[in-house]
Amino acid sequence: MIFRQLFDKESSTYTYLLADPATGEAALIDPVLEHVARDSKLVAELGCRLVSVFDTHVHADHVTGAGKLRELTSAKTHVSARGGAPCADVEMQDGHVTRVGNIALTALATPGHTNGCMCFLVTAEGEPLRVFTGDALLVRGCGRTDFQEGDAATLWRSVHEKLFSLPDDTLVYPAHDYRGFTVTTIGEEKRLNPRLGESMTLESFVTLMKNLDLPPPGKIHEAVPANRACGQRP
Ligand code: FE
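First, a word on scope: everything that follows refers to the structure included in this document. Along each chain, numbering runs from 1 in the same order as the chain's sequence is written. Restriction of local features to residues with pLDDT of at least 70 applies here, the model being predicted, together with a cutoff of 80 or more for giving and counting side-chain atom pairs; totals for whole chains, interfaces and linings are based on all residues. Neither water nor hydrogens contribute to the side-chain values; these are computed over all heavy atoms in the structure.

1. Re the coordination of the iron ion
Thinking step 1. A 2.8 Å cut-off from the metal defines N, O and S donors, relaxed to 3.2 Å for Na, K and Ca; water is not in the atom list, so some sites may appear incomplete. Each protein donor to the iron ion is listed here as His57 (NE2), His113 (NE2) and Asp135 (OD); together their distances run 2.0 to 2.3 Å.
Thinking step 2. The sequence pattern formed by the donor residues of the iron ion is H-x55-H-x21-D. Taken together, the residues span a long stretch of sequence, with His57 in the loop between strand E4 (49-54) and helix H2 (66-73) and His113 in the loop between strand E8 (103-109) and strand E9 (118-123) at a distance of 56 residues.
Thinking step 3. For His57, a relative accessible area of 2% corresponds to the buried category. Counting from the N terminus, the helices are the DSSP runs of H or I reaching at least four residues and the strands are the DSSP runs of E reaching at least two. Only protein chains enter the area calculation, which uses a 1.4 Å probe; residues under 20% of their type maximum are buried, those over 50% are exposed, and those in between are partly exposed.

Next comes the structure, spelled out in structure tokens:
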């Protein structure tokens, strides 16, 4: 499997490229509008063609590149049926499986940061198990629950029921990092995540999330309506 982790400095967003070298089929997870040229050039340089684009959720901090990439490549865009983005070609339910060559991406509904948050469990022969966690689970952190449809108790249950039940050595790739981390594992986060890990309870998590007192994301008023239209400004 071809696998690349790409970064947007402005919003600290990770975009992931997955491709099957045998068939040349490629997918992008969470592309950023400003990097559509970079990402599509990379896909072409690697001898691949983009067939699927996934958004882990309707983002509030950047505009998705999904709609633009669909226009350029005719790739199919995927978002949760609960995401409120009817522009997508495929509205996924929990358990939805997409095949990209020999790679299988299984959607796991993990609401809490937003209602439509989905993680993607990725399996391919001879590859370690990987999960792309969007903003549900970050390296030693998690997404906020104080805007869109955020709800801390829902996020706690999503992470504990859907993610912490995966094998401990599952590699975890988040949608963002603000401190320079790139990857973690389920076992590491169960042990060490200061919000959702073993040192916390549902009650202490809900209190902590209620008191974060962060400023709203800079682009929220532009990004949310744009992302409901797959990044093509409504
Ligand atoms: Fe987010």
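Structure's up, so let's keep going.
2. Things to note about the packing of aromatic side chains
Thinking step 1. Ring geometry is summarised as follows: Phe, Tyr and Trp rings, the Trp one being its six-membered ring, pair when their centres sit within 6.5 Å, and such pairs are stacked at plane angles under 30 degrees, edge-to-face over 60 and tilted between the two. Here the structure, examined in full by the defined rule, presents 10 aromatic pairs.
Thinking step 2. Relative to Tyr16, the ring of Phe3 lies with its centre 6.1 Å away and its plane at 5°, an arrangement referred to as stacked. In this pair, Phe3 is assigned in strand E1 (residues 2-8) and Tyr16 in strand E2 (residues 13-19), connecting sequence segments 13 residues apart.
Thinking step 3. Under the relative-accessibility criterion, Tyr16 is labelled buried at 1%.

3. Remarks on the pattern of salt bridges
Side chains carrying opposite charge are able to pair once their charged atoms draw close together.
Thinking step 1. Just to be clear on terms, a salt bridge is a Lys or Arg side-chain nitrogen sitting within 4 Å of an Asp or Glu carboxyl oxygen. Taken as a whole, this structure holds 12 salt bridges when the rule is applied.
Thinking step 2. Note that Asp39 is salt-bridged to Arg38, the shortest N-O span being 2.7 Å.
Thinking step 3. By relative accessible area, which is 1% here, Asp39 ends up buried.
Thinking step 4. Across the pair Asp146 and Arg144 runs a salt bridge whose closest N-O atoms are separated by 3.0 Å.
Thinking step 5. Since its relative accessible area comes to 42%, Asp146 is described here as partly exposed.

4. Remarks on the state of the cysteines
Thinking step 1. Cysteine sulfur atoms that pair up within 2.5 Å are treated as a disulfide. One pass over the full model with this rule turns up 1 disulfide.
Thinking step 2. Here Cys117 is not disulfide-linked; the sulfur of Cys119 is the nearest cysteine sulfur, at 7.5 Å.

5. Digging into the pairing of strand E7 (residues 97-100)
Thinking step 1. With burial as the criterion, only one face of E7 is covered, namely that bearing Thr98 and Val100; the residues Val97 and Arg99 on the opposite face remain uncovered.
Thinking step 2. Note that E7 and E8 share 4 bridges and pair antiparallel. Among the inter-strand pairings, Val100 is bridged to a residue of E8, identified as Ile103.
Thinking step 3. When DSSP finds at least two bridges between two strands, those strands are taken to pair. Counted between consecutive antiparallel strands, the loop separating E7 from E8 contains 2 residues, among which Gly101 sits at a positive phi close to 60°.

6. Overview of the pairing of strand E11 (residues 171-174)
Thinking step 1. Bridge analysis of strand E10 (residues 130-134) against E11 gives 4 bridges, and the strand direction is parallel. Residue pairing across strands places Val131 opposite Val172, the latter belonging to E11.
Thinking step 2. At this point the chain moves from E10, through helix H3 (residues 152-163), to the parallel E11, and the crossover so formed is right-handed.
Thinking step 3. Examined bridge by bridge, E11 and strand E12 (residues 184-185) share 2 bridges and lie antiparallel to one another. Of the residues in E12, the one forming a bridge with Val172 is Thr184. Viewed with both strands pointing away, a crossover whose connecting path from the first strand over the helix to the second turns clockwise is right-handed.

7. As for helix H1 (residues 36-45)
Thinking step 1. Along H1, the positions that sit buried rather than exposed are Val36, Asp39, Leu42 and Val43. Seen along its axis, H1 keeps its buried residues to an arc of 135°; they face one direction. Set apart from the buried face of H1 by more than 90 degrees, the exposed residues are Ala37, Lys41, Ala44 and Glu45.
Thinking step 2. Phi turns positive one or two residues past the end of H1, at Gly47, with a value near 75°. Working definition: the arc comes from the directions between the helix axis and the C-beta atoms, pointing outward to the latter.

8. Description of the packing of H3 against helix H5 (residues 202-210)
Thinking step 1. Interhelical geometry of H3 versus H5 gives an angle of 130° and a closest axis separation of 9 Å. Between H3 and H5, the crossing angle belongs to the class labelled oblique. Remark: the crossing between H3 and H5 carries right-handed chirality. Together, Ala152, Ala153, Leu155, Trp156 and Arg157 of H3 and Leu202, Phe205, Val206 and Met209 of H5 make up the contact between the two elements.
Thinking step 2. Each residue is assigned to one class: nonpolar for Ala, Val, Leu, Ile, Met, Phe, Trp, Tyr, Cys and Pro, charged for Asp, Glu, Lys and Arg, and polar for all the others, Gly among them. Looking at the contact of H3 with H5, its residues break down into 8 nonpolar, no polar and 1 charged. In this description, a line fitted to the C-alpha atoms serves as the axis of each element, helices being fitted only across the stretch in contact, and the angle between N-to-C directions of two axes falls anywhere from 0 to 180 degrees. Oblique is the label for any angle not under 35 degrees, not over 145, and not in the 65 to 115 range, which are roughly parallel, roughly antiparallel and roughly perpendicular in turn. The handedness criterion is simple: a crossing whose near helix is rotated anticlockwise from the far helix by less than a right angle is left-handed, and one whose near helix is rotated clockwise is right-handed. Only heavy atoms matter for contacts: two residues are in contact if any of them lie within 4.5 Å across the pair.

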